Amino acid sequence: MNRPARLRRLTVLAIGVSTAISLTACGSSGSEADGGSATPKASAPAPEGIVDQKTASSVVDAYEKANNKANATRDAELLGTVEAGQVHEQSKADYTHWPTWTKKRQKTYSTPFYYRDRQFWIPAASSGATWFAVTARSAKEPKDPGGLLIFDKVGGRYKMTAGVALDAKPKISVDEHGLAAPADPSKKVGTLAPDEIGERYEDFFETGGKEAKQVFASTEDTRESTKVFTERNAGESGRWSTTKYEVAKPAHPAVYALRLVGGGVLSVFPTAHTESQVLKPAYLYNSKITPGPDARVYNPTPRIAIINDYQGQGLAELQPQKKVRVTELEYRITGSE
């Protein structure tokens, strides 16, 4: 019953040195006053970020510590003190599915991790942003470009609200003070605005991308999503049941966007869909569908229809006059009825 979902859990492991952001002030030139003498102007103070480097680093340190402790015992409440948003929905799902995992996977997941090669992307306090981003990579995989982590203020405290793997190191734009520029998620860049990506992307699952292919570039993720649609009724199960996908509302709708060098935008977006498998009419009165291991943890009862909920998050690059490139997409099954 359960289609294969990408479970590339972001495991950016580390041994923890931070990369500093340089915050320097720009001097101003003097101007001619009444008598022709140069009147020096005081240098304007450098703009402040929403957090400073030290605070941002301590937030990540606290996340590492609490997450490692929570993963050891699958303590979702503890994890919730440092994590929220779509990434927390997926983490809670991981804890729920723990009994279905192999011993090897359980060991890997519960092994403590630490972020290394951290680089902070902090917006100016005047930008109106409530979040900052961090790129970091895995100590065990030095050639891996790592991941992009978002820390947003939730309930008065910074928590990780999104985390996606990178396929390459992003060229995020910074100003002369080293501050990152957040982009308006509702402003179109090329074919879409960042806050349109999640819903429009789900067309790959619903129709195989009849409309989505007009606005999304072909990537590994779009091809894999199209394959899910194409093979939804393949095999023995397709003989006695019908499977379809429908767009759903993300549990947490926040969209994050950063300006790239050259005018593009990098966006972390939420997405969600349901997967419905229903017996064909000829089998409704004498058969039941036995849920697979992922659905069974939520509802083990054999039934004539199984509806699974998936919550996801992804990473996309938007460029003017180009199609949107989705370079990372992860889903977790978060419920079944």
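That block above? That's the structure.
Residues numbered from 1 in each chain as written. Predicted model: local features only at pLDDT ≥ 70, side-chain atom pairs only at ≥ 80, totals over all residues. Heavy atoms only, no water.

Peer 1: Explain the packing of aromatic side chains to me, using residue names and the numbers behind them.
Peer 2: As enumerated under the stated definition, the model contains 17 aromatic pairs in all. Pairing phenylalanine 113 with tyrosine 115 gives two aromatic rings, centres 5.3 Å apart and planes at 75°, and the pair type is edge-to-face. Like phenylalanine 113, the residue tyrosine 115 is buried in the burial classification. In textbook terms, an aromatic cluster arises when at least three aromatic residues are bridged by ring pairs, as seen for Tyr63, Phe113, Tyr115, Phe120, Phe132, Phe151 and Tyr158. Above the face of the tryptophan 98 ring, arginine 74 is positioned so that its terminal group lies 3.9 Å from the ring centre. Taking the ring centre of tryptophan 101 as reference, the NZ or CZ of arginine 105 above it sits at 3.9 Å. (Phe/Tyr/Trp six-rings, centres within 6.5 Å; stacked < 30°, edge-to-face > 60°. Buried < 20%, exposed > 50% of the residue type's maximum accessible area, 1.4 Å probe, protein only. Lys NZ or Arg CZ within 6 Å of the ring centre and 35° of its normal.)

Peer 1: Break down the pattern of salt bridges for me, citing the residues and quoting the values.
Peer 2: Pairs may arise between side chains of opposite charge once their charged atoms sit close together. Overall, the coordinates contain 11 salt bridges when judged by the stated rule. Across the salt bridge formed by lysine 188 and glutamate 196, the nearest N and O atoms sit 3.4 Å from each other. The salt bridge involving glutamate 317 is made with arginine 325; its shortest N-O contact spans 3.9 Å. For glutamate 317, a relative accessible area of 26% translates into the label partly exposed. In the salt-bridge network here, residues are joined through shared partners; they are Asp61, Glu64 and Arg118. (Salt bridge = Lys/Arg side-chain N within 4 Å of Asp/Glu carboxyl O.)

Peer 1: Provide a residue-level description of unusual backbone geometry, including the pertinent values.
Peer 2: The backbone of aspartate 117 shows a phi angle near 50°, a positive value even though the residue is not glycine. Tracing the chain through its elements places aspartate 117 in strand E4 (residues 116–121). One non-glycine residue, glutamine 321, lies in the positive phi region at around 65°. Within the element layout of this structure, glutamine 321 appears in the loop between strand E11 (305–318) and strand E12 (325–336). (Helix = DSSP H or I, 4+ residues; strand = E, 2+ residues; numbered from the N terminus.)

Peer 1: Just give me the short version of the nonpolar core, but keep the residues and values in it.
Peer 2: Of all hydrophobic cores here, the largest spans 27 residues; its most connected members are Ile197, Tyr201, Phe216, Val324 and Val326. Looking at this core, the elements with two or more residues in it are helix H5 (197–201), helix H6 (203–207), strand E10 (265–279), E11 and E12. Once residues within four sequence positions are removed from consideration, valine 326 is found in contact with Ile197, Tyr201, Phe216, Thr219, Asp221, Phe269, Leu315 and Ala316. In terms of nonpolar packing, the next biggest core, distinct from the first, is built from 26 residues, Val60, Val82, Trp98 and Met160 among them. (Core = buried A, V, L, I, M, F, W, Y, C linked by side-chain atoms within 4.5 Å. Contact = heavy atoms within 4.5 Å.)

Peer 1: Provide a residue-level description of helix H1 (residues 53–73), including the pertinent values.
Peer 2: For H1, spanning 21 residues, the distance from its first C-alpha to its last is 31 Å, which sits close to the expected 30 Å at 1.5 Å a residue. Every buried residue of H1 is listed here: Ala56, Ser57, Val59, Val60, Tyr63, Glu64, Ala66, Asn67, Asn68, Ala70 and Asn71. Looking one or two residues beyond H1, the residue adopting positive phi is arginine 74, at roughly 55°. (Expected span 1.5 Å × (residues − 1).)

Peer 1: Describe the pairing of E12, listing the residues and the values that go with them.
Peer 2: For E12, the tally of buried residues reaches 10 of 12 residues, placing the bulk of the element in the interior. Sheet topology places E11 next to E12; 10 bridges connect them, and they run antiparallel. Opposite glutamine 313, over in E12, you have glutamate 330 as the bridge partner. Linkage of E11 to E12, two consecutive antiparallel strands, is achieved through a turn of six residues, within which glutamine 321 is found at a positive phi near 65°. (Pairing = 2+ DSSP bridges.)

Peer 1: Would you mind going over the environment of arginine 239 in detail, with residue names and values included?
Peer 2: Inspection of the secondary structure puts arginine 239 in helix H8 (residues 237–240). You can call arginine 239 partly exposed: its relative accessible area is 48%. Separated by 41 residues in sequence, arginine 239 and lysine 280 place their C-alpha atoms 8.4 Å apart. The contact partners of arginine 239, leaving out residues within four places of it in the chain, are Lys280 and Tyr283. Looking at arginine 239, its side chain comes within polar contact range of the side chain of tyrosine 283, at 3.1 Å. (Polar contact = N/O pair within 3.5 Å; in protein donor to acceptor, adjacent residues only side chain to side chain.)

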